Amino acid sequence: MLREGIKTFKFIKELKNFRAASDSLTKDRAKDYLANLLSEDGGILLKVAQYMGTKDDDISSIVTPKFEEKKSGLNSSEVERILKQEFKTGADRISNISEGAFYASIGQVNTALLDGKNKVAIKTQYPKIKKVLKEQLRIIKILPIASQYSSIKKWEMEFSSYQKMIEKVLEQECNYLYEIEELRKWKKYTKHLKFIKVPEVVDGFDKSEIYVQEYVEGVSVDEVSRTWSEKEKQFVANGMVESFFSVLAQHSCFQGDTNFGNYLFKKDQIGLIDLGQTVYLESRITKALFKALECEFDGKKYSKLGLMVELGFNQSKLSHLSLKTDALMDILLEPLTANNAYDVNLWNYQENLDSLLGEDKWWFRSAGSTDFFLLMKSFMGLKNLISKLDTSIFFKAILLRIIKDMDLESYSIPEVVIDKEL
């Protein structure tokens, strides 16, 4: 246990080194260490990398070579065996299972044929992966012990909620029935968005550790970035933004895992192929966000501190930010409220927040709810995808259309005053 704990600490340290490295030698050394560790342990450590905000390109550069070298995963015979074990009366409908697969942290995807003609995707969980992840989760749970010796304790950072969040995510990912349910829900959520494709789950092939879904045609965002025209890239970027905020506005949920591998693109279609990390918010959070945007667009005043409280921030801890809350929200909302097409590559939100808050940034981080930071993490994934396409987005025009269909008239953001005595 101690050895595994030390390994996890080293993993986080080297991940920080990798992200912060300004010279190629330091970056390469950190990359080699991380690649070797992930090839051995993978699972939850890969999730830690994602939740620390590591860019998809960086994760891919670390993980992909090791997956290719190791040829990890199940071969077609093993997938066929699991199919026959789980679907005794229907397994013979599946044939031509691909030898090659897409390998992920807890499972893999193989292609096959249904009834000898329809191409499908088989999502299979690695055997005993639940046990491995639970052991790794025990390691993560010891990390907060170290915080009592660090300056983080000064700002009363609450780690238990993040532990619960990671535990919940792993529980969802290790039970494909949750993802199957979300695929069916999102099919309805996106019905009005004709350019969105959510795959159908094949009836009778839906178990907690393996399921079969319709195969979605398309290419990766890398291919779109390299070979598509500017107009075609713009379609992808606009469609991603519209679908993200439309589902958020109407159903108070979002895709919690917006990594590049969860999307496939055609010239007239965006495929959402993995919805296992859908996050649901309280309706007041969604209403507050879109009401604030409506006020911004109409030039109406509202309490930005009240907005933060509605978004789940702890009011007592916000008192330490004094009069910085207005400027803080201006930074966070900047792309969404711009009066013209906005290049997200110019959104230096992290630098601006650090400059504005200084040491107070820890009060901001400790005051925020896990839901808020999960929403920000998801939006940052969307931002990274748009950055990959090197195109600008007129967020305001898209959001105005979405807000028009919302019932926000009866809702107002509460006025909140900071108690300087707190």
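Shown above is the structure to which this text applies.
Throughout what follows, the structure given in this document is the object of discussion.

1. A few points about the packing of helix H11 (residues 283–298) against helix H14 (residues 325–337)
Then step 1. Packing of H11 against H14 leaves a shortest axis separation of 11 Å and a crossing angle of 70°. If you check the angle between H11 and H14, you find them roughly perpendicular. Between H11 and H14 lies a crossing of right-handed hand. Counted together, Leu 289, Leu 293, Glu 296 and Phe 297 of H11 and Asp 330, Leu 333, Leu 336 and Thr 337 of H14 form the full contact between these two elements.
Then step 2. Residues of the contact of H11 with H14, tallied by class, amount to 5 nonpolar, 1 polar and 2 charged.

2. Some remarks on the packing of aromatic side chains
Then step 1. Within the structure shown, the criterion is met by 18 aromatic pairs.
Then step 2. Each ring, one from Tyr 176 and one from Tyr 211, has its centre 5.5 Å from the other, and the planes form 80°; the classification is edge-to-face. Here Tyr 211 lies in strand S7 (residues 210–214) and Tyr 176 lies in helix H8 (residues 176–189), a separation of 35 residues in the sequence.
Then step 3. Look at Tyr 176 and you get buried, because its relative accessible area is 1%.

3. A short note on the pattern of salt bridges
Then step 1. This model, assessed by the stated rule, comprises 20 salt bridges.
Then step 2. Note that Glu 179 is salt-bridged to Lys 123, the shortest N-O span being 3.1 Å. One end of the pair, Glu 179, is in helix H8; the other, Lys 123, is in strand S4 (residues 118–125), and 56 residues separate them in sequence.
Then step 3. With relative accessibility at 14%, the residue Lys 123 sits in the buried group.
Then step 4. Between Lys 291 and Glu 294 there is a salt bridge whose closest N-O contact spans 3.2 Å. Of this pair, Lys 291 and Glu 294 both sit in helix H11, 3 residues apart, roughly one helical turn.
Then step 5. Through salt bridges with shared partners, a single ionic network connects Lys 123, Glu 179 and Asp 274.

4. Quick look at the side chain of Asn 262
Then step 1. Looking at where Asn 262 falls in the secondary structure, it is placed in the loop between strand S8 (253–255) and strand S9 (263–266).
Then step 2. Of note is the side chain of Asn 262, whose polar atom sits 2.8 Å from the backbone oxygen of Asp 257.
Then step 3. Each residue touching Asn 262, except ones within four places of it in the same chain, is listed here: Gln 255, Asp 257, Gly 271, Leu 272, Ile 273 and Asp 274.

5. Points about the packing of H14 against helix H15 (residues 349–357)
Then step 1. Contact geometry of H14 with H15 gives a least axis separation of 10 Å together with a crossing angle of 175°. With respect to each other, H14 and H15 are oriented roughly antiparallel. The segment H14 lies against H15, with Ala 327, Leu 328, Ile 331 and Leu 332 engaging Tyr 349, Asn 352, Leu 353, Leu 356 and Leu 357.

6. Description of empty space enclosed by the protein
Any empty space left between the atoms is revealed when a probe the size of a water molecule rolls over them.
Then step 1. In the structure shown here, the tally under the stated rule is 4 cavities of 30 Å³ or more.
Then step 2. Of the voids in this model, the largest cavity is the one considered here, and its volume is about 200 Å³.
Then step 3. Leu 289, Leu 333, Leu 336, Leu 375 and Met 376 are the residues nearest the centre of the largest cavity, which is lined by 14 residues in total.
Then step 4. Mapped by element, the contributors of at least two residues to the lining of the largest cavity are helix H10 (230–251), H14 and helix H17 (370–389).
Then step 5. A class-by-class count of the residues in the lining of the largest cavity yields 14 nonpolar, no polar and no charged.
Then step 6. Quantified by volume, the second largest cavity comes out at close to 140 Å³.
Then step 7. Along the wall of the second largest cavity there are 15 residues; nearest its centre are Trp 186, Phe 244, Gln 255, Tyr 263 and Leu 272.
Then step 8. Of all the elements, H10 adds the most residues to the lining of the second largest cavity, at 4 residues.

7. A word on the nonpolar core
Then step 1. Core analysis: the biggest nonpolar cluster contains 87 residues, and Phe 245, Phe 265, Phe 290, Phe 364 and Phe 395 have the highest contact counts within it.
Then step 2. The biggest single contributor to this core is H17, with 10 residues.
Then step 3. Excluding anything up to four places from it in sequence, Phe 364 contacts Met 308, Phe 313, Leu 321, Leu 328, Leu 332, Leu 353, Leu 357, Phe 372 and Phe 373.
Then step 4. Counting 20 residues, the second largest nonpolar core, distinct from the first, contains Ile 82, Ala 91, Tyr 103 and Phe 205.

Reading the values: rules and limits
Residues numbered from 1 in each chain as written. Predicted model: local features only at pLDDT ≥ 70, side-chain atom pairs only at ≥ 80, totals over all residues. Heavy atoms only, no water. Axes fitted to C-alpha atoms, helices over the stretch in contact; angles between N-to-C directions. Helix = DSSP H or I, 4+ residues; strand = E, 2+ residues; numbered from the N terminus. Parallel < 35°, antiparallel > 145°, perpendicular 65-115°, else oblique. Left-handed = near helix turned anticlockwise from the far one by under 90°. Contact = heavy atoms within 4.5 Å. Nonpolar A, V, L, I, M, F, W, Y, C, P; charged D, E, K, R; others polar. Phe/Tyr/Trp six-rings, centres within 6.5 Å; stacked < 30°, edge-to-face > 60°. Buried < 20%, exposed > 50% of the residue type's maximum accessible area, 1.4 Å probe, protein only. Salt bridge = Lys/Arg side-chain N within 4 Å of Asp/Glu carboxyl O. Polar contact = N/O pair within 3.5 Å; in protein donor to acceptor, adjacent residues only side chain to side chain. 1 Å grid on protein atoms, 1.4 Å probe; cavity = no way out; pocket = protein on both sides within 12 Å on 5 of 7 lines; lining within 4 Å. Points joined across faces, edges and corners; volume = space filled by probe spheres on them. Core = buried A, V, L, I, M, F, W, Y, C linked by side-chain atoms within 4.5 Å.

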